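This is what each chain is made of:
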Amino acid sequence: MLFRRFSLLVYALLILIPLLVVVLTSMKTLRETFSNPLGLPADGINIDNYVAIFQEQTMAGYFMNSVIVTLFSVTFTLLFASMIAFGITRLSSWLGNIMFTLFTLGMMVPAQVIMVPLYSLMLDLNLTNSLVGLILVNVSTTLPIAVFILTGFMKTLPKELFEASTIDGAGNWQMFTKVAIPLSLPSLSATAIFLFVMHWNDLLYPLLFITDNAYKTLPLALLEFQGQYSTNYPMLFTGVIIASAPMVVAYVFLQRFFVAGMTAGAVKG
Amino acid sequence: MKTSKTIFLFFVPGLVLYSIFFLYPTVSALFYSFTDWDGFSDAFAFIGFDNFERAFTGDSIFRKTIGNNLKFMLVVVVFQTIVALAFAMILIKNTKTTVFLRALYFFPTILSSVSVAFIWAFVYDPSLGILNQLLEGIGLGFIAQNWLGNANIAIYSLAITQVWFHAGQMLIVFVAGLQAIPQEMYEVAKIEGASKWQTFRSVTWPLLAPSATIVVAYTTIQSFKAFDLVFAMTGGGPNNTTEIIATYIYDIAFRNYQFGYASAISVIFMIIIAIITFLQFKALRSDRVSY
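What comes next is a walk through the structure. Remember, predicted model here, so these are calculated numbers, not experimental data. (Residues numbered from 1 in each chain as written. Chains lettered and ligands numbered in written order. Predicted model: local features only at pLDDT ≥ 70, side-chain atom pairs only at ≥ 80, totals over all residues. Heavy atoms only, no water.)

1. Overview of the overall build of chain B
Helix and strand content of chain B: 12 helices and 0 strands. C-alpha atoms of chain B, sized along the principal axes, occupy 75 × 75 × 35 Å. Each of the 291 residues in chain B was classed as buried or not, and the buried ones make up 53%. In chain B, of all internal contacts separated by at least 6 residues, the share reaching a separation of at least 24 is 66%. (Helix = DSSP H or I, 4+ residues; strand = E, 2+ residues; numbered from the N terminus. Buried < 20%, exposed > 50% of the residue type's maximum accessible area, 1.4 Å probe, protein only. Contact = heavy atoms within 4.5 Å.)

Structure representation (structure tokens):
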């Protein structure tokens, strides 16, 4: 029993100490970090670095880019994936299986496999340095996992409900919006959270397609701070906290949904 | 019941995007893998299997990369699975404390790889870092060193970071698996006087096999895809000792402009992932338990 408690405590400290150091360091000057790397900041709560990073960087712009890319990517992935999932459940079984296999094959191909040809395609289509380009790629590459999760769920919905609505004269679109979507809300919200975290944190596609500061998202901007600030940890960690803040706040309030949603994504992906 | 033809319209938007931005690049990766294309000029030549031959016989860095990826994978799979399972067994019940602790351990999963890379760059920092200071504090200063700069251990330092990053998520998968085991099985084992170890061996482990397969397969694939973390922490250095397949593809394509060769490595990468996925699928089939 004692050993168990001790292990739980050690693991908790392994998570907490680095995070605490990040918060404390973001409130220190660089000089103070060198003289006292792990202690409390001398001036207590000090937001100078936060002010400085907004002055030195187009932080608000990066933040907005991340918000735009994430919101549109999640919305369109969910919309198109749920349409496909609905379509699969309504098709004859062999046609449905073909579509299901076609889309879920995509889960087997890691993003790094297609990055080379995708890059030249984006150049040809003039979609580099464009938020629209990022959104299109995001939606296309996360469709497979979303289709997989949503189809699994929609297949469990009772067929009678759809049949009843056909008798009432509902077309496919009405059946989709009035029956399938409302009943799939639990699965949709879990998938949404999974996609939110994935798109918000994505580094690879911005790294490949964005060179103009005006279109950079937070993870890419953050990565480039490393070149600029080198080992100026106070500034790097200020960036880390700003970039992570929305997810952390959401996690505190929606913890259970995060754990369920992201685990579903992992297990099924 | 007849479904109206309009159902096909539901596939259109997704299928169009998926074809342009996913299927087409996947097929072109195959196509370019047989060329010497540099990524920019209009002209390129077909060179048959030369790129693949180069990868397996002529390219010592690629061989090193595979080795690095295997080391990384092995450490991550072993540690992540053991940590996740051990803590899942302690935290199996749903109480206020266990739910809180699970949420805490899960927390790093929601961070971006770049954030985790920066946090751990500070943990490992040779002069300021948490790890070296801690070691000195407890009188083990002689172990302290440059964790990411030492070519012999950098890849393992990265692997430990990856475990910190994702073990909490795998813990949740194990908790779900453990909670699905019927309590009666444990009661029977208890009545029959089984020891703790015997109970684990003959009840928990076999019934947990599906979750274990998921964890091992997911962790394996994840460790091949750890591009962001490696890219942000070491960029493949020092001396290519932390280069993994994914970062190597990026280097060949975007630093050396050998798109044809990078495509060939991508195809090899795709085949490796396909094999792992296939094995996972087979294992899950055969491990299906009923109770």
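Okay, back to it.
2. So, the overall build of chain A
Each helix and strand counted, chain A has 13 helices and 0 strands in total. From first element to last, N terminus to C terminus, chain A shows the α and β order α-α-α-α-α-α-α-α-α-α-α-α-α. Reported as C-alpha extents along the three principal axes, the dimensions of chain A are approximately 75 × 60 × 30 Å. Taken across its 269 residues, chain A has 55% of its residues classed as buried. A sequence separation of at least 24 residues applies to 75% of the contacts in chain A between residues at least 6 apart. When the accessible surface of chain A is split by element, carbon and sulfur atoms take 70% of a total near 11,700 Å². The positive charge centre, built from 11 side chains, and the negative charge centre, built from 11, are 15 Å apart in chain A. (Areas by Shrake-Rupley, 256 points an atom, 1.4 Å probe, with all protein chains shown as cover. Lys, Arg positive; Asp, Glu negative; His and termini not counted. Charge placed at Lys NZ, Arg CZ, Asp CG, Glu CD.)

3. Things to note about the packing of helix α5 (residues 93-104) of chain A against helix α1 (residues 12-32) of chain B
Orientation of α5 of chain A relative to α1 of chain B, taken along the N-to-C sense of each, is 40 degrees, at an axis distance of 11 Å. When the axes of α5 of chain A and α1 of chain B are compared, the pair comes out oblique. Crossing handedness for the pair α5 of chain A and α1 of chain B: left-handed. Each of Met-99, Leu-102 and Phe-103 of chain A in α5 of chain A lies in contact with α1 of chain B, whose residues at this interface are Gly-14, Leu-15, Tyr-18 and Leu-23 of chain B. Residues that form the contact of α5 of chain A with α1 of chain B fall into these classes: 6 nonpolar, 1 polar and no charged. (Axes fitted to C-alpha atoms, helices over the stretch in contact; angles between N-to-C directions. Parallel < 35°, antiparallel > 145°, perpendicular 65-115°, else oblique. Left-handed = near helix turned anticlockwise from the far one by under 90°. Nonpolar A, V, L, I, M, F, W, Y, C, P; charged D, E, K, R; others polar.)

4. Looking at helix α9 (residues 172-183) of chain A
Residue and element names in this part refer to chain A. With 12 residues, α9 extends 15 Å from end C-alpha to end C-alpha; this agrees with the ideal 16 Å at 1.5 Å per step. Residues of α9 that are buried: Asn-172, Met-175, Phe-176, Val-179 and Ala-180. With its buried residues spanning 125 degrees around the axis, α9 presents them on a single face. In this fold, the buried residues of α9 make contact with α4 (59-90), α7 (131-154) and α8 (159-167). (Expected span 1.5 Å × (residues − 1). Arc of directions from axis to C-beta.)

5. Re the side chain of Asp-125 of chain B
The residue Asp-125 of chain B is located in the loop between α5 (113-124) and α6 (130-137) in this model. No salt bridge is formed by the buried Asp-125 of chain B; the nearest opposite charge belongs to Lys-28 of chain A, separated by 13 Å. At 3.0 Å, the side chain of Asp-125 of chain B and the backbone nitrogen of Ser-127 of chain B are in polar contact. Of the polar contacts made by the side chain of Asp-125 of chain B, one reaches the backbone nitrogen of Leu-128 of chain B; its length is 3.0 Å. (Salt bridge = Lys/Arg side-chain N within 4 Å of Asp/Glu carboxyl O. Polar contact = N/O pair within 3.5 Å; in protein donor to acceptor, adjacent residues only side chain to side chain.)

6. So, the interface of chain B and chain A
Listed as interface residues are 81 residues of chain B and, on the opposing side, 87 residues of chain A. Around 7,800 Å² of area is buried between chain B and chain A when both sides are counted, 80% of it from carbon and sulfur atoms. Contact with chain A buries area across many residues of chain B, yet Phe-10, Phe-21 and Phe-118 of chain B alone supply 11% of it, more than any other trio. For the pair chain B and chain A, the number of links is 15 residue pairs in polar contact (both at pLDDT 80 or more). Take the side of chain B that touches chain A: its biggest share by element is 14 residues, from α1 of chain B. (Buried area = accessible area lost by both parts, 1.4 Å probe.)

7. Side note on the packing of α8 of chain A against α9 of chain A
Residues and elements named next belong to chain A. At a minimum axis distance of 10 Å, the contact between α8 and α9 shows a crossing angle of 160 degrees. With respect to each other, α8 and α9 are oriented roughly antiparallel. Crossing handedness for the pair α8 and α9: right-handed. Together, Leu-161, Phe-162, Ser-165 and Thr-166 of α8 and Met-175, Val-179, Ala-180 and Leu-183 of α9 make up the contact between the two elements. A class-by-class count of the residues in the contact of α8 with α9 yields 6 nonpolar, 2 polar and no charged.

8. Examining the nonpolar core
Core analysis: the biggest nonpolar cluster contains 183 residues, and Phe-86, Leu-118, Phe-209 and Phe-225 of chain A together with Tyr-105, Leu-171 and Ile-265 of chain B have the highest contact counts within it. With 14 residues, helix α7 (residues 154-179) of chain B is the single largest residue contributor to this core. Sequence-distant contacts of Ile-265 of chain B, defined by excluding residues within four places in its chain, comprise Ala-55, Phe-62, Ile-245, Tyr-248, Ile-249 and Ile-252 of chain B. (Core = buried A, V, L, I, M, F, W, Y, C linked by side-chain atoms within 4.5 Å.)

9. Re unusual backbone geometry
At the junction of Gly-237 of chain B and Pro-238 of chain B, the peptide bond is cis and its omega measures out at -10 degrees in the coordinates. Mapped onto the fold, Pro-238 of chain B is located in the loop between α10 (227-233) and α11 (245-254). Of note in this structure, Asn-126 of chain A is not a glycine but carries a positive phi near 60 degrees. Positive phi, normally seen in glycine, also occurs at Asn-240 of chain B, with a value near 60 degrees. Relative accessible area serves as the criterion here: at 24%, Asn-240 of chain B is assigned to the partly exposed category.

10. Some details on a nonpolar patch on the surface
Together, Leu-125 of chain A together with Leu-9, Val-12, Val-16 and Ile-20 of chain B make up an exposed nonpolar region whose accessible area comes to about 410 Å². Checked against the element boundaries, Leu-125 of chain A lands in the loop between α6 (111-124) and α7. On the basis of relative accessible area, Leu-125 of chain A is assigned to the partly exposed category, the value being 40%. (Patch = residues over 30% accessible without salt bridge, like charges linked within 9 Å, V, L, I, M, F, W, Y side chains within 5 Å.)

11. As for the side chain of Asp-251 of chain B
Along the chain, Asp-251 of chain B turns up in helix α11. Those residues within four positions of Asp-251 of chain B in sequence are excluded, and the remaining contacts are Glu-243 and Asn-256 of chain B.

12. Notes on the environment of Ile-135 of chain A
Residues and elements named next belong to chain A. As for its placement among the helices and strands, Ile-135 is situated in helix α7. Among the residues examined, Ile-135 registers a relative accessible area of 13% and is labelled buried. If near-sequence neighbours (up to four positions away) are discounted, Ile-135 is found in contact with Ile-68, Val-69, Phe-72 and Ser-73.

13. Section: the pattern of salt bridges
Taken as a whole and assessed by the stated rule, the structure comprises 2 salt bridges over all chains. Between Lys-216 of chain A and Glu-224 of chain A there is a salt bridge, and its shortest N-O distance comes to 2.6 Å. For Lys-216 of chain A, a relative accessible area of 6% translates into the label buried. Glu-224 of chain A gets classed as partly exposed once you look at its relative accessible area, which sits at 35%. For Arg-255 of chain B, the salt bridge identified is with Asp-251 of chain B, shortest N-O distance 2.7 Å. Taking the relative accessible area as the measure of exposure, Arg-255 of chain B reaches 49% and is therefore partly exposed. Classification of Asp-251 of chain B as buried rests on a relative accessible area of 13%.

Keep in mind that these numbers describe shape and distance, not what the molecule does.
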